[in-house]
Amino acid sequence: PIVTRAVAAGDPGGAVAYLQDVLTDPMMQSPSVYALAAELPVDRHSDALALLEQGAEQYPTNARIAVAKARVERLSGDPVAAEATLAPLVSANAADPLLANAYALALLAQARIDEARAVLEAAAGRSATVRFNLASAMLESGLAREAAAELAPDMTAEQRDPEVWALYGAALAGAGNVTGARSALEQALALNPDQALAVQTLRRLDEQ
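These figures come from a predicted structure and were not determined experimentally.

Attention shifts here to the packing of helix α12 (residues 178-191) against helix α13 (residues 196-207). Two elements in contact, α12 and α13, have axes separated by 9 Å at closest approach and are oriented at 145°. Once α12 is placed against α13, the crossing between them reads as left-handed. Contacts between α12 and α13 involve V178, A181, R182, L185, A188 and L189 from the first element and A198, V199, T201, L202, L205 and D206 from the second.

Moving on: the nonpolar core. Formed by 45 residues in total, the largest nonpolar core has its most connected members in L86, L99, L108, L151 and Y168. Ranked by residue count, the leading element in this core is helix α7 (residues 97-108), at 9 residues. When sequence neighbours within four positions are dropped, the list of residues in contact with L108 reads I113, A116, L134, A137, M138, S141 and L143.

Before going further, it helps to spend a moment on helix α11 (residues 162-174). Compared with an ideal rise of 1.5 Å per residue, which puts 13 residues at 18 Å, α11 spans 18 Å between its outermost C-alpha atoms and is within 8% of the ideal. Counting buried residues in α11 gives 11 out of 13 residues, a clear majority hidden from the surface. Turning to α11, its buried residues number three or more, namely P162, V164, W165, A166, L167, Y168, G169, A170, A171, L172 and A173. Looking at where α11 begins, the residue whose side-chain oxygen comes 2.9 Å from the main-chain nitrogen of E163 is D161. Immediately downstream of α11, the backbone of G176 shows phi near 95°, a positive value.

Here we take up the packing of aromatic side chains. Scanning all chains against the criterion turns up 1 aromatic pair. Note on W165 and Y168: the rings are 6.5 Å apart at their centroids and 65° apart in plane angle, and the pair reads as edge-to-face. Taken as a pair, W165 and Y168 lie in helix α11 at a separation of 3 residues, close to a single helical turn. There is no split in this pair, since W165 and Y168 are both buried.

One non-glycine residue, A111, lies in positive phi territory at about 60°. On the secondary structure map, A111 appears in the loop between α7 and α8 (113-124). Residue A111 is classed as exposed on the basis of its relative accessible area, which comes to 58%.

Here we take up the confidence of the model for the chain. Here the chain shows a mean pLDDT of 90. Residues at 70 or above account for 98%. Here helix α1 (residues 2-8) is the element of the chain with the lowest mean pLDDT, 80, and α11 is the one with the highest, 96.

Before going further, it helps to examine the environment of R71. With respect to the helices and strands, the residue R71 is situated in helix α5 (residues 63-75). Look at R71 and you get partly exposed, because its relative accessible area is 39%. Residues R71 and A135, spaced 64 residues apart in sequence, show a C-alpha to C-alpha distance of 18 Å. Within the local environment of R71, its side chain forms a polar contact with the backbone oxygen of A38, the two atoms lying 2.9 Å apart.

Below, the discussion takes up helix α4 (residues 45-58). Compared with the 20 Å implied by 1.5 Å per residue over 14 residues, the 20 Å span of α4 between its first and last C-alpha is a close match. What α4 keeps buried is the set H45, A48, L49, L51, L52 and G55. Along the long axis of α4, the arc covered by the buried residues comes to 165°, so they all point the same way. Residues S46 and E57 are exposed on α4 and point more than 90 degrees away from its buried face. Its buried side turned inward, α4 meets α2 (12-22), α3 (31-35) and α5.

Each value, and the rule that gives it
Residues numbered from 1 in each chain as written. Predicted model: local features only at pLDDT ≥ 70, side-chain atom pairs only at ≥ 80, totals over all residues. Heavy atoms only, no water. Axes fitted to C-alpha atoms, helices over the stretch in contact; angles between N-to-C directions. Helix = DSSP H or I, 4+ residues; strand = E, 2+ residues; numbered from the N terminus. Left-handed = near helix turned anticlockwise from the far one by under 90°. Contact = heavy atoms within 4.5 Å. Core = buried A, V, L, I, M, F, W, Y, C linked by side-chain atoms within 4.5 Å. Buried < 20%, exposed > 50% of the residue type's maximum accessible area, 1.4 Å probe, protein only. Expected span 1.5 Å × (residues − 1). Polar contact = N/O pair within 3.5 Å; in protein donor to acceptor, adjacent residues only side chain to side chain. Phe/Tyr/Trp six-rings, centres within 6.5 Å; stacked < 30°, edge-to-face > 60°. pLDDT = per-residue confidence, 0-100. Arc of directions from axis to C-beta.

What follows is the structure, encoded as C-alpha cells:
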C-alpha cells in the first residue's frame with residue numbers, strides 16, 4: 001500500500017496527505033482504507049486519530065476500524081481510551097478473536113492481567129492457544145517476565161511448536177534470562193530453522 005511505502009520512505013506527511021485525499025472520495029471510504037491510518041508513526045497519531053474517528057462515525061460497529069483506532073490510542077499512551085473504544089464491540093461480540101486480542105492489549109497496558117486473560121478465554125476458551133495469545137500480548141505490552149510465566153506450563157518435551165518456543169525464548173530474553181532464552185530459541189530453530197522471531201532474538205542476544 002502507498003501508505004506503508006510512504007512511511008517506510010520517511011514521508012509520513014505524504015502518507016497523511018494521501019489518505020486525506022483518497023478519503024474525500026465516497027467510493028474509497030471503506031473500513032480497510034480508514035484502518036490504514038493505524039500505520040502512521042507515533043508523531044502523526046493525531047492525524048491518524050482524526051481519520052479513524054471519521055471512519056468510526058461512518059462505521060460505528062466495524063471491528064477493523066475500532067481495532068485500528070484502539071491501537072493508535074494505546075500506542076499514544078492512552079490505553080483507557082483504547083479500552084473505551086473497544087468495550088462496546090467486545091460486549092456485543094465476545095467471541096471475535098480480533099477484538100478480544102486488541103482489548104486484551106488495552107487491559108494489559110493498564111496491568112490488568114486477569115481481566116485480559118478472561119477476555120481471551122471468552123473468545124477461545126481455556127487452552128494453550130489462549131495462553132500463547134496472552135503471552136504474546138504481554139510481551140508486546142512490555143511484560144516479558146509475565147509472558148514467560150504464562151507459557152512456562154506448556155514448555156515440556158512434548159512441545160513441538162516452534163512459534164511457542166520462539167515466543168518463550170523472546171520472553172525469557174526480555175526478562176533477562178539469557179541462558180534460558182538461548183535454549184528455548186535453539187529449540188525453536190531445531191523445529192524450524194527459519195522461525196523469524198527466534199532468528200531475530202538470537203541475533204539481538206549475540207549483538208549484546
